[in-house]
Amino acid sequence: MQPKLTQAIFGLLVFCSVNLAHADASLPAQTTLKPALMLAKPYRSDIELKHYWISEKLDGVRAYWDGAQLISRQGNRFSAPGWFTQDFPKQVLDGELWMGHNRFAEVSGAVRRRIPDPAQWQKIRFMVFDSPNEAGDFDHRLQALRALFTQLNSPSIALIEQYKIDDETALMQTLDQIIADGGEGLILHLGSAPYRGIRSDDLLKLKRFSDAEAVVIGHIPGKGKFSGMLGAIVVKMPDGREFKIGSGFSDEQRRHPPAIGSTISYKYQGTTASGLPRFASFFRARNDF
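Description of the structure in this document.

Topic: the environment of H189
Along the chain, H189 falls in strand 10 (residues 185–190). For H189, a relative accessible area of 4% translates into the label buried. Spatially, the C-alpha atom of H189 lies 6.6 Å from that of L204, the residues being 15 residues apart in sequence. Setting aside residues no more than four positions away along its own chain, H189 makes contact with M38, H51, Y52, W53, D130, F138, R141, D202 and L203.

This is how it looks when you write it as structure tokens:
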């Protein structure tokens with residue numbers, strides 16, 4: 001065999017083995033369960049605030065504890081270390097894996113690994129906000145969760161603080177304080193709501209910007225200072241319409257852009273006459289696994 005051909009084949013085998021190893025280390029194990037989770041709609045000012053519980057909207061990764069393992073929104077098992085979940089209760093819990101403010105990329109990368117890094121998982125907490133299998137409305141479920149957490153003794157799990165605000169002015173002041181502290185926004189949970197695995201007004205999200213999700217369908221090369229990197233992505237909305245997003249990316253994200261076929265979140269300021277997002281900018285990769 002020709003020496004150059006031998007080298008080429010060897011190089012290809014090494015490339016494939018390295019990439020397969022990387023994929024094995026960064027993808028969670030598939031399960032057969034895809035949990036039906038409560039999903040939030042945007043906040044509306046015409047609601048009666050006194051009926052809702054308020055909590056901080058965390059910028060973490062959604063996780064579902066089925067009593068034995070942590071599962072992603074798409075039904076994949078997170079490879080959490082045994083010590084992380086050993087003192088979790090046997091009942092089903094809904095929450096987020098969270099490292100702290102402005103650390104979404106870090107926690108997302110950590111929980112994606114099939115082989116967990118203990119040093120990373122020591123920084124993560126499972127922040128619980130609901131108990132899907134508990135009977136009754138959220139008022140009752142919250143009371144039951146508070147009782148449960150008085151009995152738990154684990155540094156890896158915590159109950160998200162829930163409180164009441166009856167006045168919209170006070171609500172907006174709370175929102176501004178959360179944002180000033182590095183947070184993303186607020187979640188409002190209807191006290192009389194049963195746990196329903198759908199997107200509804202039972203759960204509302206309040207932020208200072210509008211955001212939505214779209215699927216990446218193309219990459220546009222950069223020019224000038226972005227030469228050799230990403231210039232913009234082409235995305236498709238759920239209704240099939242397409243548009244470009246060219247701002248909001250870090251240099252690292254331009255060097256390693258979100259993959260075609262992946263889902264991203266973007267920020268925008270209202271819509272055009274045709275209904276397309278105005279001043280859309282990249283927010284983050286969704287990473288639902």
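Some points on the pattern of salt bridges
Across all of its chains, the model carries 16 salt bridges by this definition. A salt bridge links D201 to R44; its shortest N-O distance comes to 2.6 Å. One end of the pair, D201, is in strand 11 (residues 199–206); the other, R44, is in the loop between strand 2 (39–42) and strand 3 (52–57), with 157 residues separating them in the sequence. When the shortest N-O distance is used, the salt bridge between D202 and R196 registers 3.0 Å.

Some details on unusual backbone geometry
Unusually for a residue other than glycine, N102 sits at a positive phi of about 60°. A residue is classified by how much of its surface remains accessible, and N102, at 65% relative accessible area, is exposed. Of note in this structure, F279 is not a glycine but carries a positive phi near 55°. Mapped onto the secondary structure, F279 falls in the loop between strand 15 (263–268) and strand 16 (281–285).

Let's talk about the sheet that holds strand 3
In spatial order, the strands read 2-11-10-3; together these four strands make up an open sheet with mixed pairing. Since the sheet does not close on itself, it has two edges, and those belong to strand 2 and strand 3, each with one partner. Neighbour to neighbour, the strand axes of the sheet diverge by 40° on average, direction disregarded. When strand 10 meets strand 11, the two strands line up antiparallel, connected through four bridges.

A short note on the sheet that holds strand 16
Here we have five strands laid out as an open sheet, ordered 14-13-12-15-16, and antiparallel in their pairing. The two strands at the open ends of the sheet, each matched to only one other strand, are strand 14 (242–245) and strand 16. Each adjacent strand pair in this sheet contributes to an overall mean axis angle of 45°, direction not counted. In the sheet, strand 12 (residues 210–221) pairs with strand 13 (residues 230–236) via six bridges, with the strands oriented antiparallel. Across the sheet, residue I220 finds its bridge partner in strand 13, namely A232.

Here's the deal with the side chain of S55
If you trace the backbone, S55 turns up in strand 3. Using a relative accessible area of 5% as the deciding quantity, one classes S55 as buried.

Section: the packing of aromatic side chains
Aromatic rings in a pair are described by how distant their centres are and how their planes are angled relative to each other. Tallying each qualifying case throughout the model produces nine aromatic pairs. Ring centres of F209 and F283 lie 5.4 Å apart, and the angle between their planes is 75°; on these two criteria the pair is classed as edge-to-face. Of this pair, F209 sits in the loop between strand 11 and strand 12 while F283 sits in strand 16, and the two are 74 residues apart along the sequence. Relative accessible area serves as the criterion here: at 26%, F209 is assigned to the partly exposed category. Three or more aromatic residues joined by ring pairs form one cluster here, namely W65, W83, F84, F88, W121 and F126. It is K164 that lies over the ring of W53; its NZ or CZ is 4.6 Å from the centre. In this structure, K267 packs its charged tip against the face of F209, placed 4.5 Å from the ring centre.

Thresholds, definitions, all that
- Residues numbered from 1 in each chain as written.
- Predicted model: local features only at pLDDT ≥ 70, side-chain atom pairs only at ≥ 80, totals over all residues.
- Heavy atoms only, no water.
- Helix = DSSP H or I, 4+ residues; strand = E, 2+ residues; numbered from the N terminus.
- Buried < 20%, exposed > 50% of the residue type's maximum accessible area, 1.4 Å probe, protein only.
- Contact = heavy atoms within 4.5 Å.
- Salt bridge = Lys/Arg side-chain N within 4 Å of Asp/Glu carboxyl O.
- Pairing = 2+ DSSP bridges.
- Axes fitted to C-alpha atoms, helices over the stretch in contact; angles between N-to-C directions.
- Phe/Tyr/Trp six-rings, centres within 6.5 Å; stacked < 30°, edge-to-face > 60°.
- Lys NZ or Arg CZ within 6 Å of the ring centre and 35° of its normal.

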